[in-house]
Amino acid sequence: MTDSPVALITGGGSGIGAATARELVKQGYRVTITGRSEDRLRRFATELGEPDSLLVIPGSAADHDAVRTAVATTVTTFGRLDIVVANAGYATFDDLADGDPTRWDDMVLTNVLGPALLINAALPALRESKGRIVLVGSVAGHVYTPGNIYGATKWAVTGIAENTRRMVTADGIGVTLVSPGATKTNFFDGAPGGLPDRDLLSAEQLAETIVWAISQPSGVDINTVIVRPIGQPV
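Predicted model, so just to flag it, every value in this text is computed and none were measured.

Caption draft 1: Inspection of the overall build of the protein at higher detail. What the protein contains, in helices and strands, is 6 helices and 9 strands. Taken over the C-alpha trace, the protein has a radius of gyration of 17 Å; the compact-globule value for 234 residues is 17 Å, and the two agree within 12%. Principal-axis analysis of the C-alpha atoms places the extent of the protein at approximately 50 × 40 × 35 Å. Taking all 234 residues of the protein together, 50% fall into the buried category. Across the protein, contacts joining residues at least 24 apart in sequence account for 66% of those joining residues at least 6 apart. Per element, the accessible surface of the protein, about 10900 Å² overall, is 52% carbon and sulfur. For the protein, the distance from the average site of its 19 positive side-chain charges to the average site of its 25 negative ones is 5 Å.

Caption draft 2: Here's a closer look at empty space enclosed by the protein. Applying the stated criterion to the full structure yields 1 cavity of 30 Å³ or more. When its volume is computed, the largest cavity comes out at roughly 60 Å³. Surrounding the largest cavity, Leu 8, Thr 10, Thr 34, Ile 57, Pro 58, Gly 59, Ser 60, Ala 61, Ala 66, Val 67, Ala 70 and Leu 118 form its lining. Among the elements of the structure, strand 1 (6-10), strand 3 (54-58) and helix 3 (64-78) are those that each provide at least two residues to the lining of the largest cavity.

Caption draft 3: Highlighting the environment of Glu 50. Its location among the elements puts Glu 50 in the loop between helix 2 (38-47) and strand 3. When its relative accessible area of 48% is taken as the criterion, Glu 50 is described as partly exposed. Filtering out sequence-adjacent residues up to four positions away, Glu 50 remains in contact with Arg 42 and Ala 45. A polar side-chain atom of Glu 50 sits 3.1 Å from a polar atom in the side chain of Thr 46.

Caption draft 4: Main features of the pattern of salt bridges. With the rule as written, the count across this model stands at 10 salt bridges. The shortest N-O distance in the salt bridge between Arg 80 and Asp 82 comes to 2.8 Å. Arg 80 sits in the partly exposed class, given a relative accessible area of 30%. Note on Asp 82: relative accessible area 8%, which makes it buried. One network of salt bridges, in which partners are shared, links Glu 162, Arg 165 and Arg 166.

Caption draft 5: Quick look at the pairing of strand 2 (residues 30-35). Buried residues dominate strand 2, accounting for 6 of its 6 residues. Residues Arg 30, Thr 32 and Thr 34 point to one face of strand 2 and Val 31, Ile 33 and Gly 35 to the other, with burial holding for every one of them. Relative to strand 2, strand 1 runs parallel, the two being bridged by 5 bridges. Following the sheet pairing, Val 6 is matched in strand 2 by Arg 30. Crossover handedness for the path strand 2 to helix 2 to strand 3: right-handed.

Caption draft 6: Inspection of the sheet that holds strand 4 (residues 83-86) at higher detail. The strand order 3-2-1-4-5-6-9 describes an open sheet built from 7 strands, whose pairing is parallel. Each of the sheet's edge strands pairs with one partner strand only, and the pair in question is strand 3 and strand 9 (224-227). Averaged over all adjacent pairs, the angle separating strand axes in this sheet is 15°, with direction ignored. Lying on the sheet, helix 1 (residues 15-26) is in contact with strand 1, strand 2, strand 3 and strand 6 (174-180); it crosses strand 1 at an angle near 165°. Where helix 2 meets the sheet, its contacts fall on strand 2 and strand 3, and the angle it forms with strand 3 comes to roughly 170°.

Caption draft 7: Molecular detail of helix 2. Restricting attention to buried positions, one finds in helix 2 the residues Leu 41, Phe 44 and Ala 45. For helix 2, the buried positions fall inside an angular range of 100° around the axis, keeping them on one side. Every exposed residue of helix 2 that faces more than 90 degrees away from the buried side is listed here: Asp 39, Arg 43, Thr 46 and Glu 47. Just past helix 2, the residue Gly 49 takes up positive phi, approximately 90°.

Caption draft 8: Inspection of unusual backbone geometry at higher detail. Phi angles above zero are rare outside glycine, and Glu 50 is one such case at about 50°. Phi at Phe 93 takes a positive value of approximately 55°, unusual for a residue other than glycine. Secondary-structure assignment places Phe 93 in the loop between strand 4 and helix 4 (104-129).

Each value, and the rule that gives it
- Residues numbered from 1 in each chain as written.
- Predicted model: local features only at pLDDT ≥ 70, side-chain atom pairs only at ≥ 80, totals over all residues.
- Heavy atoms only, no water.
- Helix = DSSP H or I, 4+ residues; strand = E, 2+ residues; numbered from the N terminus.
- Rg over C-alpha atoms; globule rule 2.2 N^0.38 Å.
- Buried < 20%, exposed > 50% of the residue type's maximum accessible area, 1.4 Å probe, protein only.
- Contact = heavy atoms within 4.5 Å.
- Areas by Shrake-Rupley, 256 points an atom, 1.4 Å probe, with all protein chains shown as cover.
- Lys, Arg positive; Asp, Glu negative; His and termini not counted.
- Charge placed at Lys NZ, Arg CZ, Asp CG, Glu CD.
- 1 Å grid on protein atoms, 1.4 Å probe; cavity = no way out; pocket = protein on both sides within 12 Å on 5 of 7 lines; lining within 4 Å.
- Points joined across faces, edges and corners; volume = space filled by probe spheres on them.
- Polar contact = N/O pair within 3.5 Å; in protein donor to acceptor, adjacent residues only side chain to side chain.
- Salt bridge = Lys/Arg side-chain N within 4 Å of Asp/Glu carboxyl O.
- Pairing = 2+ DSSP bridges.
- Right-handed = clockwise from strand over helix to strand, strands pointing away.
- Axes fitted to C-alpha atoms, helices over the stretch in contact; angles between N-to-C directions.
- Arc of directions from axis to C-beta.

Structure representation (structure tokens):
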């Protein structure tokens with residue numbers, strides 16, 4: 001167990017983050033999950049049977065102190081850090097013309113500042129382990145849509161991924177951007193009309209993609225993966 005790899009996942013209490021944590025624990029990883037809702041994190045830990053290989057640390061992905069504490073506690077508890085997954089994010093489901101700007105601050109901070117803070121805090125440990133960074137982006141970060149402020153935050157994640165890759169290649173760190181299309185998770189809880197009535201990926205399918213990317217042989221770096229459900233045209 002002390003030699004098994006260690007992953008830290010933001011937004012790890014539900015959706016893609018929880019599905020990824022579940023799969024990594026099953027494969028023998030030691031995993032830290034963070035998120036704003038301690039109740040949600042605890043429920044997930046209970047669902048897995050409270051394994052010693054799972055560490056729960058409540059905190060916002062956009063809070064510098066919380067992110068640094070999560071990284072430091074992970075390294076102290078498990079002795080290393082091999083993988084970080086910047087998964088936390090959400091949408092306000094409005095646009096630049098008719099949206100409510102008072103709701104954008106938190107979305108922009110979570111979706112854009114959050115991955116940057118995680119990379120900044122984790123780099124020393126990842127340089128030591130020659131680990132991997134995974135950023136969960138979105139198809140919306142590759143395709144323009146009218147007035148989409150959420151999409152703009154995911155374009156930023158697309159840029160952060162490649163800028164990070166160019167920064168850390170000499171350190172032996174891999175960087176992967178995984179950009180999902182429409183996925184059946186609690187992401188759509190705040191959407192007008194709720195879950196869209198169309199083809200959707202599952203959180204488990206995205207988790208399989210993330211685990212595949214981080215399980216590549218040493219020296220292999222998967223950089224950008226766009227995953228759509230068959231039937232999604234854009």
